[in-house]
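Residue-level structural notes
Listed below are the residues making up each chain.
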Amino acid sequence: MLRKLLIGTALATSFAFSAHAADVKEVQMLHWWTSGGEAAALNVLKQDLAKEGYAWKDVPVAGGGGDAAMTALKAMVAAGNYPTASQMLGYTVLDYAAAGVMGDLTETAKKEGWDKSVPTALQKFSVYDGKWVAAPVNVHSVNWLWINKAVMDKIGGTEPKTFDDFIALLDKAKAAGVIPLALGGQNWQEATMFDSVVMSTGGPEFYKKAMNDLDDTSLKSDTMKKSFDNLAKLIKYVDPNFSGRDWNLATAMVIKGDALVQVMGDWAKGEFHAAKKTPGTDFLCYRFPGTDGTVIYNSDMFGMFNVPDDRKAAQVALATATLSKSFQSAFNVVKGSVPARTDVPDTDFDACGKKGIADLKKANEGGTLFGSLAQGYGAPPAVANAYKDVISKFVHGQIKSSDEAVTELVKAIDDAK
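Residues numbered from 1 in each chain as written. Predicted model: local features only at pLDDT ≥ 70, side-chain atom pairs only at ≥ 80, totals over all residues. Heavy atoms only, no water.

As annotated in an unreviewed UniProt entry, the protein chain carries the name Probable sugar-binding periplasmic protein and is attributed to Mesorhizobium album. The Subcellular location (unreviewed entry) field of the UniProt record for the protein chain holds the comment "Periplasm". (UniProt positions renumbered as here; feature names shortened; annotations may be inferred.)

Structure (structure tokens):
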């Protein structure tokens, strides 16, 4: 009893002290943005906050899929060492909110008009129990092709409109001695590409049922089997050294002209931007064949934790800066994504960015905006991880056939639910 009393007294004293202490002028940010394009984008926010007198304490954890960063975050939260904010994806935000460790940004959200400007699909993951707990930074979409224009011109290629067109284009690159498809052999990259393959193979209604609703009949269907068959076709065009390659190194292969195309989310455009490449002149951006008119999205969010009172002013400053129109434009121009606010003009965006903004608006209004299962917006993390594991085993030959892949996928998702 005495020990409990001492601990309680110490905690009370600690909180009383922090409530009266001077505000801590520091923002501690946990993230996995470590590539050149990502670091340049994040620097926009650092500079905005520096103007307001806030120091930036970077906590970078490398790994494009974010799994390592989330492991680090779990340890920090367990120790009670909350960062000001952490880069997070959809269901992870909701998990921490349900655990009661997130802060409350509702007052700031009301003041800044987030309810009206942030798409409903994003609010599903940034609002919990009526309270804003995260600030959406952007909207990424994963169903893109990134193509080296010089290589495209050399082989006489044109935009592929269907999956068969895409295979024919890859054959042309192969015949010309160029690596057709740049891919990093990491499970999140492979599954991200498979998101697009499923949409292309089955269409929007099938994608929603299988990848968002986790409908058992859809997951077991011949359409899902055909999706795995189509993935197997694509893997034949990847170079033999792809295993373990980081996504930005695969992007660099396209930038340099060592490979024709990469299937990747629009964060890849941040690498082209960092390399001072121009769409239409140096590279081309097309929707994955058969997915035009749909957007498979994910959104980076800054999850805000329930920090002590002396750190809350810095948190509010971070949240306000993140959703400001000026930052939303400047950051997403560099990052390759599009704004998380629908009222940000596309004036400063390049041709690919303007297309991304227009596509998002159309998909949001037309009901063809779907969460990426690979990127944490289709289903909770346990399901997404099971999905990524099965896709990777198929890509690397541990699962031998599409029939086996469908069986393993259904089992893995059922076990993870």
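On to the side chain of R341. Residue position: R341 is located in the loop between α16 (325-335) and α17 (351-366). You can call R341 buried: its relative accessible area is 9%. There is a polar contact of 2.9 Å between the side chain of R341 and the side chain of D343. Apart from residues no more than four positions distant in its own chain, R341 is found in contact with E112, W114, S117, L323, K325 and Q328. (Helix = DSSP H or I, 4+ residues; strand = E, 2+ residues; numbered from the N terminus. Buried < 20%, exposed > 50% of the residue type's maximum accessible area, 1.4 Å probe, protein only. Polar contact = N/O pair within 3.5 Å; in protein donor to acceptor, adjacent residues only side chain to side chain. Contact = heavy atoms within 4.5 Å.)

Once that is clear, we can look at a positive patch on the surface. On the surface, a cluster of positive charge is made up of K174, K226, K233 and K236. As for its placement among the helices and strands, K233 is situated in helix α12 (residues 222-235). Looking at K233, the relative accessible area reads 39%, which means it is partly exposed. (Patch = residues over 30% accessible without salt bridge, like charges linked within 9 Å, V, L, I, M, F, W, Y side chains within 5 Å. Areas by Shrake-Rupley, 256 points an atom, 1.4 Å probe, with all protein chains shown as cover. Salt bridge = Lys/Arg side-chain N within 4 Å of Asp/Glu carboxyl O. Lys, Arg positive; Asp, Glu negative; His and termini not counted. Charge placed at Lys NZ, Arg CZ, Asp CG, Glu CD.)

By definition, a disulfide is the covalent link that joins the sulfur atoms of two cysteine residues. For the structure shown, the criterion picks out one disulfide. Two residues, C285 and C352, share a disulfide whose sulfurs are 2.1 Å apart. Disulfide C285 to C352: torsion about the S-S bond roughly -105°, handedness left-handed. Highlighted residues: C285 in strand β11 (residues 283-287) and C352 in helix α17, separated in sequence by 67 residues. For C352, a relative accessible area of 2% gives the class buried. (Disulfide = S-S within 2.5 Å.)

Spatially, the four strands line up as an open sheet ordered β9-β10-β8-β11, and their pairing is mixed. Edge positions in the sheet fall to β9 (179-182) and β11, since each of these pairs with one other strand and no more. Put simply, the sheet's adjacent strands are angled 20° from each other on average, direction ignored. As paired elements, β9 and strand β10 (residues 259-263) share three bridges and run parallel to each other. Bridged to A182 within β10 is Q262. (Pairing = 2+ DSSP bridges. Axes fitted to C-alpha atoms, helices over the stretch in contact; angles between N-to-C directions.)

With that out of the way, let us pick up the sheet that holds strand β1 (residues 26-31). As summarised here, the arrangement of the five strands in space is β2-β1-β3-β13-β6, forming an open sheet in which the pairing is mixed. The open sheet has two edge strands with one neighbour each: β2 (55-60) and β6 (134-136). Each strand of the sheet is rotated relative to its neighbour by a mean of 25°, with strand direction disregarded. Relative to strand β13 (residues 301-304), strand β3 (residues 85-88) runs antiparallel, the two sharing four bridges. Bridge pairing in β13 places Q87 opposite F302. Sitting on the sheet, helix α2 (residues 36-50) touches β1, β2 and β13, and the angle it makes with β2 is about 155°.

So, about the pairing of strand β12 (residues 295-298). On β12, burial covers both faces: V295 and Y297 on one face and I296 and N298 on the other are all buried. Pairing analysis gives two bridges linking strand β7 (residues 140-141) to β12, with the strands arranged antiparallel. Across the sheet, residue S141 finds its bridge partner in β12, namely Y297. When β12 meets strand β14 (residues 369-371), the two strands line up parallel, connected through three bridges. Residue pairing across strands places I296 opposite F370, the latter belonging to β14.

Relative to the helices and strands, L170 resides in helix α9 (residues 163-175). When the C-alpha positions of L170 and V142 are compared, they lie 20 Å apart, and in sequence the two are 28 residues distant. Excluding residues within four positions of it along the chain, L170 makes contact with P180, L181, L234, Y237 and V261.

The terminal C-alpha atoms of α17 lie 22 Å apart, and with 16 residues this matches the ideal 22 Å at 1.5 Å per residue to within 8%. Within α17, the full set of buried residues consists of C352, G353, G356, I357, D359, L360 and A363. Viewed along the axis of α17, the buried residues span an arc of 165°, placing them on a single side of the element. In this structure, α17 carries A351, K361, K362, E365 and G366 as exposed residues pointing more than 90 degrees from its buried face. Among the structural elements, β8 (144-148), α14 (268-274), β11, β12 and β14 are those in contact with the buried residues of α17. Between the side-chain oxygen at the start of α17 and the backbone nitrogen of C352 there is a gap of 3.1 Å, and the oxygen is on D350. (Expected span 1.5 Å × (residues − 1). Arc of directions from axis to C-beta.)

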